[in-house]
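Notes for the structure review
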Amino acid sequence: MKINTPKIPTQLIMRNFSDIFDEEYPELELCEIIDSSFMNEEVDRVRLDQIVLKNCQFNYTNFSNIQLTDVRFENCDLSNVNFSKSSVHRVEFSNCKLLGSQFPSSSLGNVRFDHCSLHLATFDSAKLEKVQFNETVLINSDFYECKFKGIELNRCNLNDANFEQTSLKGIDISSSTFETLTISIDSLNGCKVSSSQAIQLASLMGVIVVD
């Protein structure tokens, strides 16, 4: 699946994330931010547009209702960040830590998570369209009642992930790993799995497999 990558100019000005407090509205655009720390803050309705963020820390910051467009995060720590009711489009997360991050009721489109940790992340009631999870840890992540369209889960750790009330029809999880999932038979309808995963899932559903 081809997704649209962030549209970011090659020439960007250098800024600190705290400059957002100097703006008339909480927004930053057309800039590169490196080694910035913005933790335990609360800023509502932030807008970030055409930005690269490298080696930044945002732990425990409340970014609810944030609008992210054409943004790339590289080696950033976004643990326990609140992205609830956010709009995330043409955004890349590369080698980022998103432990316990929250995306409930958000809209994600043309988004990539590459080599990230989304352990305990929540996406409940979110809409995900054209989203790739590549070699990403999704242990105990929550996708309850999500709407999926064009989702890829490539070589991810899905152990203990929750897909209740979320259809996996047409989604291929055969390259990913898990010991157990929280999922219903209805949600699995049309999902592509490996033969060994089929046995695992049958066992989780209470089916006794015999040779």
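Each remark here, short or long, concerns the structure printed above.
Here goes a summary of the coordinates provided. (Residues numbered from 1 in each chain as written. Predicted model: local features only at pLDDT ≥ 70, side-chain atom pairs only at ≥ 80, totals over all residues. Heavy atoms only, no water.)

What follows deals with the side chain of S141. By secondary structure assignment, the location of S141 is in the loop between β7 (127–134) and β8 (147–154). A relative accessible area of 0% means that S141 is categorised as buried. The contact partners of S141, leaving out residues within four places of it in the chain, are L118, L120, A121, D160, A161 and N162. (Helix = DSSP H or I, 4+ residues; strand = E, 2+ residues; numbered from the N terminus. Buried < 20%, exposed > 50% of the residue type's maximum accessible area, 1.4 Å probe, protein only. Contact = heavy atoms within 4.5 Å.)

With that settled, consider helix α2 (residues 195–204). When α2 is considered as a whole, its buried residues turn out to be Q197, L201 and A202. The buried residues of α2 all sit within an arc of 140 degrees when viewed along its axis, so they share a single face. Those residues of α2 hidden inside the fold are in contact with α1 (185–188). (Arc of directions from axis to C-beta.)

On to the nonpolar core. With 58 residues, the main nonpolar core has F73, F113, F123, L128 and F133 as its most contacted residues. Of all elements in the fold, only β2 (27–34), β3 (47–54), β4 (67–74), β5 (87–94), β6 (107–114), β7 and β8 reach the threshold of two or more residues within this core. Ignoring sequence-local partners within four residues, the contact set of F133 consists of F113, L118, F123, L128, L138, F143, I151, E152, L153, N154 and C156. (Core = buried A, V, L, I, M, F, W, Y, C linked by side-chain atoms within 4.5 Å.)

Our focus in this paragraph is the environment of S79. Positionally, S79 belongs in the loop between β4 and β5. Those residues in contact with S79 that sit more than four places away from it in its chain are N59, Y60, K97, L98 and L99.

Positive phi is not limited to glycine here, since D70 has a value of about 55 degrees. With respect to the secondary-structure elements, D70 resides in strand β4. The exposure class assigned to D70 is buried, which follows from its relative accessible area of 5%. At R155, a position not held by glycine, the phi torsion is positive, near 55 degrees. Within the element layout of this structure, R155 appears in the loop between β8 and α1.

What follows is about empty space enclosed by the protein. According to the stated counting rule, one finds one cavity of 30 Å³ or more in the structure shown. Reported here for the largest cavity is a volume of approximately 40 Å³. In this structure, the largest cavity is lined by F17, L48, L53, F58, F63, I66, F73, L78 and F83. In terms of residue class, the lining of the largest cavity is built from nine nonpolar, no polar and no charged. (1 Å grid on protein atoms, 1.4 Å probe; cavity = no way out; pocket = protein on both sides within 12 Å on 5 of 7 lines; lining within 4 Å. Points joined across faces, edges and corners; volume = space filled by probe spheres on them. Nonpolar A, V, L, I, M, F, W, Y, C, P; charged D, E, K, R; others polar.)

Quick look at the state of the cysteines now. Counted according to the given criterion, the structure contains zero disulfides. Counting only cysteine sulfurs, C56 is the nearest neighbor of C76, a cysteine outside any disulfide, at a range of 4.6 Å. (Disulfide = S-S within 2.5 Å.)

Inspection of the entire model under this criterion finds 12 salt bridges. The partner of D19 in a salt bridge is R15, with the nearest N and O atoms 3.4 Å apart. In this structure, R45 and D44 form a salt bridge, with 3.8 Å as the shortest nitrogen-oxygen distance. Residue class for R45 comes out exposed when judged on its relative accessible area of 56%. Each member of the salt-bridge network shares a partner with another, and the members are E27, E29, R47 and D49. (Salt bridge = Lys/Arg side-chain N within 4 Å of Asp/Glu carboxyl O.)

Right, let's get into the sheet that holds β3. Here eight strands make up an open sheet; going across it, the order is β1-β2-β3-β4-β5-β6-β7-β8 and the pairing parallel. The strands lining the two open edges of the sheet, one partner per strand, are β1 (13–14) and β8. As defined by bridge partners, β6 adjoins β7 across seven bridges and the pair is classed as parallel. In the strand pairing of β7, D114 is matched with N134. (Pairing = 2+ DSSP bridges.)

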